[in-house]
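Close look at the chain arrangement
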Amino acid sequence: MTDLTSLAGVEGQEISPEQIRGILAQIDLDLMNLVRDGKLAALKYAVNGGAGQSTDRAANLQSLLSARDYYQRLLESRPVWSTTQASVE
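The model shown is predicted, which means the values in this text are computed figures rather than measured ones. (Residues numbered from 1 in each chain as written. Predicted model: local features only at pLDDT ≥ 70, side-chain atom pairs only at ≥ 80, totals over all residues. Heavy atoms only, no water.)

What follows covers the packing of aromatic side chains. For any pair of aromatic rings, geometry is given as the distance between the ring centres together with the angle between the planes. Overall, the coordinates contain one aromatic pair when judged by the stated rule. Taking 5.0 Å as the distance between ring centres and 80° as the angle between the ring planes, the aromatic pair formed by Tyr70 and Tyr71 counts as edge-to-face. (Phe/Tyr/Trp six-rings, centres within 6.5 Å; stacked < 30°, edge-to-face > 60°.)

This brings us to the pattern of salt bridges. Counting across every chain of the model gives three salt bridges. With a closest N to O distance of 2.6 Å, Glu14 and Arg78 form a salt bridge. In this pair, Glu14 is assigned in the segment before helix H1 (17-35) and Arg78 in the segment after helix H2 (57-76), connecting sequence segments 64 residues apart. Taking the shortest distance from any N to any O, the salt bridge between Arg68 and Asp28 comes out at 2.5 Å. You can see Arg68 sitting in helix H2 and its partner Asp28 sitting in helix H1, a full 40 residues away along the chain. Overall, the relative accessible area of 23% leaves Arg68 in the partly exposed class. (Salt bridge = Lys/Arg side-chain N within 4 Å of Asp/Glu carboxyl O. Helix = DSSP H or I, 4+ residues; strand = E, 2+ residues; numbered from the N terminus. Buried < 20%, exposed > 50% of the residue type's maximum accessible area, 1.4 Å probe, protein only.)

Right, let's get into a nonpolar patch on the surface. Together, Met32, Val35, Leu61 and Leu65 give the surface a local cluster of nonpolar side chains, amounting to about 340 Å² of exposed area. Within the residue set of the nonpolar patch, elements represented by two or more residues are H1 and H2. With respect to the helices and strands, the residue Leu61 is situated in helix H2. Residue classification places Leu61 among the partly exposed positions, given a relative accessible area of 31%. (Patch = residues over 30% accessible without salt bridge, like charges linked within 9 Å, V, L, I, M, F, W, Y side chains within 5 Å. Areas by Shrake-Rupley, 256 points an atom, 1.4 Å probe, with all protein chains shown as cover.)

Moving on: the environment of Ser16. Residue placement: Ser16 occurs in the segment before H1. Assessed through its relative accessible area of 21%, Ser16 is described here as partly exposed. Through-space distance from the C-alpha of Ser16 to that of Arg78 is 9.4 Å; in sequence the pair is 62 residues apart.

What follows is the structure, encoded as structure tokens:
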């Protein structure tokens with residue numbers, strides 16, 4: 001699949017709370033794998049090139065923690081409804 005050259009025509013739907021919880025669970029799993037013994041990186045790739053870009057354990061950890069914080073705040077900012085029902089006899 002080729003890269004997009006613009007965002008014209010790209011559509012999407014708002015992410016659901018269940019999807020956010022799934023993202024958080026995946027991030028938590030990646031964090032756990034990152035800090036376990038024998039794991040060097042949660043990411044399965046590195047970017048090498050003329051600019052000398054690469055990733056390491058500390059950078060991965062910081063990225064995952066930042067992403068987790070973002071999605072947690074997104075989840076907490078969602079409106080919450082509480083419904084109750086009374087039975088009058």
